[in-house]
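# Results of the structural survey
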Amino acid sequence: MTTTTGTKNSAAGRAQYRRPDASGRRAAAAPTSGPGGRVSVAVYAEDLILQTGMIHQLRVRPEIELLSEAEADRADVSLVVVDMVDDPTVQLLHRLQRNTSTRTGLVVGFFESGALQTMIECGVAAVLRRGEADQDRLVHLVKAMAKGEGVLPGDLLGKLLDHVSSLQRTVLDPRGLTLSTLTAREAEMIRLVSEGYDTAEIAQKTSYSERTVKNVLHEVATRLELRNRAHAVGYAMRHGLI
């Protein structure tokens with residue numbers, strides 16, 4: 001199995017991330033039982049205790065395939081487990097962001113409201129507080145991300161929407177910025193994504209088929225060169241499109 005841990009260097013003020021297994025040794029790939037719809041996961045933790053806890057939660061679930069270090073780049077999902085979103089965490093998130101085939105989720109102990117914009121800019125698709133990270137919630141988060149969905153705690157989603165509203169009122173409206181690169185249908189679907197609705201729910205609310213919703217979101221992502229739904233929400237927010 002594979003994990004990635006970081007050991008904080010307080011003297012240098014930065015974190016270095018390694019990939020030992022749960023016992024702290026360099027690990028070879030663990031045997032797997034084949035694809036069968038399993039979600040491949042690479043875990044990045046800032047210390048051995050966080051790493052071991054995350055591995056313990058996930059290794060027993062048949063839906064999850066934990067990857068070796070050599071295979072980490074092919075993971076469906078990368079889970080970053082930290083105390084808070086500090087500079088070393090941001091550096092790691094930016095590095096993971098370059099792998100466009102892997103979605104990144106954040107399991108965090110303390111999440112400052114100011115970190116919300118940073119999270120979006122780093123392409124984070126889902127957030128879970130460590131205090132709520134039991135086995136079922138972790139597996140739900142991983143599976144949702146593998147399906148292209150985003151996951152946010154309700155209070156963070158509320159803060160995101162308040163931030164969008166404030167941006168529209170204080171920055172865009174006074175400047176008369178109304179030009180949008182999104183059609184009304186695209187903007188509505190992105191807005192629903194930002195509110196946490198999945199594809200089926202968006203289809204129901206907009207009276208389109210799920211296939212149409214997927215096509216519209218894919219068209220937006222392709223046209224604007226967006227990596228995932230969280231990136232699309234961040235783009236729309238920064239440009240005042242929702």
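It should be noted that the structure appears before, not after, this text.
What comes next is a walk through the structure. Residue positions are counted from 1 within each chain, in the order its sequence is given. Local features in this predicted model are restricted to residues whose pLDDT is 70 or higher, and side-chain atom pairs enter the listing and the counts only when it is 80 or higher, whereas totals over whole chains, interfaces and linings include all residues. Think of the side-chain values as coming from all heavy atoms in the structure, minus any hydrogens and water.

What follows covers the nonpolar core. As used in this record, nonpolar core signifies buried Ala, Val, Leu, Ile, Met, Phe, Trp, Tyr and Cys residues forming a set joined through side-chain atoms within 4.5 Å. Partly exposed residues are those whose accessible area sits between 20% and 50% of the maximum for their type, while under 20% is buried and over 50% is exposed, using a 1.4 Å probe and protein chains only. Counting residues in hydrophobic clusters, the biggest one holds 25 residues, and the most contacted among them are Val41, Val43, Met54, Leu58 and Leu79. Those elements that provide at least two residues to this core are strand S3 (39–45), helix H1 (48–58), strand S4 (64–66), strand S5 (77–84), strand S7 (124–129) and helix H4 (135–146). Starting at the N terminus, helices and strands are each numbered in turn, a helix being any DSSP run of H or I of at least four residues and a strand any DSSP run of E of at least two. By residue number, the principal contributor to this core is H4, which donates six residues. When checking whether two residues touch, look at their non-hydrogen atoms; a contact exists if any pair is within 4.5 Å. Among all residues touching Leu79, those that are not within four sequence positions of it are Val41, Ala42, Val43, Tyr44, Met54, Leu58, Gly105, Val107, Leu141 and Val142. Residues Leu96, Leu116, Met119 and Val124 belong to the second largest nonpolar core, which totals 24 residues.

Moving on, we come to the packing of helix H6 (residues 184–194) against helix H7 (residues 199–206). Comment: axis = line fitted to C-alpha atoms, over the contacting stretch for helices; angle = value between 0 and 180 degrees taken between N-to-C directions. Interhelical geometry of H6 versus H7 gives an angle of 135 degrees and a closest axis separation of 10 Å. With respect to their mutual orientation, H6 and H7 come out oblique. As for the relative orientation of H6 and H7, their crossing is right-handed in sense. For the pair H6 and H7, contact is made by Glu188, Met189, Leu192 and Val193 and by Ile202, Lys205 and Thr206, respectively. Three classes are used, and their members are as follows: Ala, Val, Leu, Ile, Met, Phe, Trp, Tyr, Cys and Pro are nonpolar, Asp, Glu, Lys and Arg are charged, and the others, Gly among them, are polar. Of the residues contributing to the contact of H6 with H7, the split by class is four nonpolar, one polar and two charged. An angle below 35 degrees is treated as roughly parallel, one above 145 as roughly antiparallel, one from 65 to 115 as roughly perpendicular, and anything else as oblique. Take the far helix as the reference: if the near one is turned anticlockwise from it by less than a right angle, the crossing is left-handed, and if turned clockwise, right-handed.

Here we come to the pattern of salt bridges. What counts as a salt bridge is simple: a side-chain nitrogen of Lys or Arg found within 4 Å of a carboxyl oxygen of Asp or Glu. Counted under the stated rule, the structure contains eight salt bridges. Residues Glu71 and Arg74 are paired through a salt bridge, measuring 3.5 Å at the closest nitrogen-oxygen approach. By relative accessible area, Arg74 is classed as partly exposed at 42%. Between Arg191 and Glu188 there is a salt bridge; the shortest N-O distance is 2.7 Å. Taken together, the residues span about one helical turn, with Arg191 and Glu188 both in helix H6 at a distance of three residues. The structure contains a network of salt bridges with shared partners spanning Arg61, Glu63 and Asp136.

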